[in-house]
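Notes for the structure review
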Amino acid sequence: MRRREVSAAALLALAGCAAPTGVLAPVEDAGPGGFRMPPAAPREMRGAWIATVDNIDWPSRRGLPAAEQRAEMLRMLDRAQSIGLNAVMLQVRPATDAIYPSSIEPWSEYLSGEQGRAPEPGWDPLAQWVQEAHRRGIEVHAWFNPYRAWHPSARGVPAANHVSRTKPHLVRRYGETQWLDPAEPEAAAQTLAVVADVLTRYDIDGVHIDDYFYPYPIKGADGNDVDFPDAAPFQRYLDGGGKLTRDDWRREQVNVLVRKMFETVRRIRPAARFGISPFGLGRPDLRPPGIEGFSQYDKLYADVEFWIEQGWYDYLVPQLYWAIDREKQAFAVLQDYWGGRVGKLKHMWPGLYTSSIPRPGATPAPTSPNARNWKADEILNQIKLQRGHSPAGGHVHFSMAALMQDRDGIATKLREQTYRDAVLPPANPWLGGQQPAAPTLRLDGGQLHIAAAAGSSVTTWAVWLRVAGNWRLRVQPALDTRVALAVEGGTADAVVVTAVNRSAQESSRVVWRAARG
């Protein structure tokens, strides 16, 4: 490692001590009794979904004035930062609509109350989410629903430029929902155009899709599943010489979209990540012994294990929405299953059903095997299990509302206990890119500041402070360049800083160190 030396006199002056002269501090570790560098920064994904559909999380209701929408956004991001989250998965396309100005799809009714009508006064919510999240050192992953065209919670009528009116041949009604037909190439092309548009126009950190591929089945009057109405495109396929069964043919439609979405992310924004959050149970023929339940492979036509084999993702967030003691959907067993599938080449972060903690004042659910009436400790214990099982390196909460309401003290307990120690997000070395250049530490008006190297793109700083002989990590947004030396328990006598880029790669370390005596 190249040797960097800085004057410790100025550092002591900042700490309120008498400053000796001419003392230098080397970067590399000294021998016995000498200066010891801090350990490698711990890493963990600490994320939360923010759902816009049916106003689950944001905004709290339809038709809020833009100023109130923005105020709610800021409160959410402030809460996320105070808890210790480092990423949000923001739903930007609830149902072939948009929470941002789009030339492809209409404004979402979950903002203004009427599909196609912009919030008033006008603003760009997605741009503000990205800007304000990055200001706090929080990643934004744009969450898209690739196929849903109309949600049962919708109260108005489709806008004139909604796909159900401009391209009705692409849309199928299924129960109370409308769905883009995955077998229509034009429908897939529209979804990919929407994703490409957001990747091009917004500085997002990732693209994210959840478990909605073909719709979850509904029951008919006879008690059997109602089949998805795609007979016409399947007949076209057969007439063209196709040989796949209808189930395999459906899975192939989803496979193609997932692959093309992954390729779109790579092509337009190579440093962004593509994440998938599937239903938490894998293919029935591949499950661990004793695991039972719904088959997304047979009902949603989602061949998640195949996508993993093909590498069409950067991170997987299986929705492990069951309590630890649920034997047939055992959290630890499922975590090991998905972790084993992903391995160490990419990321696997369990999705946690934090919203199963009841709202304050809510009537407790009846006691039953399926009751969602958890205490905060259920989530805290799931995180402990996640941390104890390699290669899982984080988790994502569904959803932000539970953290905003601090249900059963979950937000407080996370902040004060589980997330007490700062972390960097997991690195993504397969994305390539160069290691960021090392920053410099400088005095400016009696304060210690971090300065990025010229031309260097930095998202956060990893700042280690040595206080009373112990190292403490502080992760600061790139815009926060001031190093506060006075902390609880004393004043830092050494500072070690690295620059962190979009791929969560760290620069080499730069040190300021107080002299002895």
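Everything discussed here concerns the structure shown above.
What comes next concerns the included structure.

Parameters at a glance
- Residues numbered from 1 in each chain as written.
- Predicted model: local features only at pLDDT ≥ 70, side-chain atom pairs only at ≥ 80, totals over all residues.
- Heavy atoms only, no water.
- Helix = DSSP H or I, 4+ residues; strand = E, 2+ residues; numbered from the N terminus.
- Buried < 20%, exposed > 50% of the residue type's maximum accessible area, 1.4 Å probe, protein only.
- Contact = heavy atoms within 4.5 Å.
- Areas by Shrake-Rupley, 256 points an atom, 1.4 Å probe, with all protein chains shown as cover.
- Arc of directions from axis to C-beta.
- Polar contact = N/O pair within 3.5 Å; in protein donor to acceptor, adjacent residues only side chain to side chain.
- Pairing = 2+ DSSP bridges.

Remarks on the overall build of the chain
Of the regular secondary structure elements, the chain holds 14 helices and 22 strands. Residues counted as buried form 55% of the 517 residues belonging to the chain. For the chain, the proportion of contacts with a sequence separation of at least 24, taken over those separated by at least 6, is 71%. A total accessible area of about 21400 Å² is found for the chain, and carbon and sulfur atoms account for 50% of it.

With respect to helix α14 (residues 410–418)
Buried residues of α14: Ile 410, Ala 411, Leu 414 and Thr 418, and no others. Take α14 and look down its axis: the buried residues cluster within an arc of 105°, on one side only. Its buried side turned inward, α14 meets β3 (45–50), α2 (66–83), α12 (376–388), β14 (394–397) and α13 (400–404).

Some points on helix α4 (residues 125–135)
Residues of α4 that are buried: Pro 125, Leu 126, Gln 128, Trp 129, Val 130, Glu 132 and Ala 133. Of the surrounding elements, those touching the buried residues of α4 are β3, α2, β4 (87–93), α3 (109–112), β5 (139–144) and α6 (185–201). The backbone nitrogen of Leu 126 lies 3.2 Å from a side-chain oxygen of the residue at the head of α4, namely Asp 124. With its phi angle positive at about 75°, Gly 137 sits one or two positions after the end of α4.

Quick look at the pairing of β14
Side chains of β14 alternate between two faces, with Gly 394 and Val 396 and His 395 and His 397 buried alike. As defined by bridge partners, strand β13 (residues 351–352) adjoins β14 across two bridges and the pair is classed as parallel. Among the inter-strand pairings, Leu 352 is bridged to a residue of β14, identified as His 397.

Focus on the environment of Gly 63
If you trace the backbone, Gly 63 turns up in the loop between β3 and α2. Residue classification places Gly 63 among the partly exposed residues on the basis of a relative accessible area of 39%. C-alpha of Gly 63 to C-alpha of Gly 113: the two residues are 50 residues apart in sequence and 4.7 Å apart in space. If sequence neighbours within four positions are ignored, Gly 63 has contacts with Leu 111, Ser 112 and Gly 113.

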